[in-house]
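# Overview (structure and organization)
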Amino acid sequence: MLKKIVISFSVVLAVVLMLASCSGRSISPMDISGHSGLDTNEIALAIHKYINIERESAGLNALEWNDTIAGIAGSHSADMGRNGFLEHQSPTTGSFSDRYESAGFKCANRVGDVYYSGAENVFMGHTYGKTYYKNDKIVGREWLNNDEIAKRVVKSWMESPINRKNILTPYFLEQGVGVSITDKYEVLATENFC
């Protein structure tokens, strides 16, 4: 019986590898060391691109990229990864408004008599999709590329009512996105708006 299970696992693993090679996906069932070649700047720019696709599909203006906002967002993503939290309020840097102020950035979009000072979306996921197990031990992972990670981030935000609302707010004109990847293969992304 055990021999049959081992043979079955080997056959399933071989089929998965064959399908993966045909699809161009990066699957390394015997390699759990992590995916090299990820670029946090490329991921951030891809997120920006996909956010603008969502906005344009809703009949809204595309958001301009703002390097200052991206720097603020990147620092927050790194802070979350370093200190192990997923929140808008950082124990070390405060709220996104506090971070804007610390960076000398002022956001004041006027709509009628009201000024809006920006918004923030945060995300945490992983650099891999599926995980493969054998005898309750991880034997491999399906590693994601930069573009796949960016799509997952935007999909997650669009499925969240509050994050979707931020993305589709018509009076925002700019955004910056910052991404951090931890040694535990976690992806942390922050999107700030003005």
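Above this text is the structure in question.
This structure is a prediction, so every number in the text was calculated from the model and none was measured.

## Looking at the sheet that holds strand β5 (residues 119–126)
The strand order β2-β8-β9-β5 describes an open sheet built from four strands, whose pairing is mixed. Each end of this open sheet is capped by a strand with a single partner; those strands are β2 (64–65) and β5. In this sheet, strand β8 (residues 174–181) lies alongside β2 in parallel orientation, the contact comprising two bridges. Looking at β8, one finds that Trp65 is bridged to Gln175. The strands that helix α2 (residues 40–57) touches are β2, β8 and β9 (186–193); relative to β8, the one it contacts most, it runs at about 140°.

## Comments concerning helix α3 (residues 67–83)
In a regular helix each residue adds 1.5 Å, so 17 residues correspond to 24 Å; α3 covers 24 Å between its end C-alpha atoms and thus fits that length. What α3 keeps buried is the set Ile69, Ala70, Ile72, Ala73, His76, Ser77, Asp79 and Met80. For α3, the secondary structure elements touched by its buried residues are β2, α4 (96–102), β5, β8 and β9. With a side-chain oxygen positioned 2.8 Å from the backbone nitrogen of Thr68, the residue opening α3 is Asn66. Among the residues trailing α3, Gly84 stands out with phi positive, at a value near 65°.

## With respect to α2
For α2, spanning 18 residues, the distance from its first C-alpha to its last is 26 Å, which sits close to the expected 26 Å at 1.5 Å a residue. For α2, the set of buried residues is Ile43, Ala44, Ala46, Ile47, His48, Tyr50, Ile51, Asn52 and Arg55. Of the surrounding elements, those touching the buried residues of α2 are β2, α5 (146–159), α6 (161–167), β8 and β9. The N-cap of α2, judged by a side-chain oxygen 2.8 Å from the amide nitrogen of Asn41 a few residues on, is Asp39. With its phi angle positive at about 80°, Gly59 sits one or two positions after the end of α2.

## A look at the side chain of Arg99
Secondary-structure assignment places Arg99 in helix α4. For Arg99, the side chain forms a polar contact with the side chain of His76, separated by 3.4 Å. Look past the residues within four positions of Arg99 in its chain and what remains in contact with it is Ile72, His76, His88, Ser90, Thr93, Gly94 and Glu120.

## Structural notes on the state of the cysteines
This model, assessed by the stated rule, comprises one disulfide. Put simply, Cys107 and Cys194 are joined by a disulfide, and their sulfur atoms are 2.2 Å apart. In this structure the cystine formed by Cys107 and Cys194 twists about its S-S bond by roughly 105°; its chirality is therefore right-handed. Residue Cys107 is located in the loop between α4 and β3 (109–111), and its partner Cys194 is located in the segment after β9; the two are separated by 87 residues in the primary sequence. Note on Cys194: relative accessible area 6%, which makes it buried.

## Quick notes on the environment of Gly178
Along the chain, Gly178 turns up in strand β8. Through-space distance from the C-alpha of Gly178 to that of Ser75 is 7.2 Å; in sequence the pair is 103 residues apart. Once you skip the residues sitting within four places of it in the chain, Gly178 turns out to touch Ala70, Ala73, Gly74, Ser77, Leu188, Ala189 and Thr190.

About the thresholds
Residues numbered from 1 in each chain as written. Predicted model: local features only at pLDDT ≥ 70, side-chain atom pairs only at ≥ 80, totals over all residues. Heavy atoms only, no water. Pairing = 2+ DSSP bridges. Helix = DSSP H or I, 4+ residues; strand = E, 2+ residues; numbered from the N terminus. Contact = heavy atoms within 4.5 Å. Axes fitted to C-alpha atoms, helices over the stretch in contact; angles between N-to-C directions. Expected span 1.5 Å × (residues − 1). Buried < 20%, exposed > 50% of the residue type's maximum accessible area, 1.4 Å probe, protein only. Polar contact = N/O pair within 3.5 Å; in protein donor to acceptor, adjacent residues only side chain to side chain. Disulfide = S-S within 2.5 Å.

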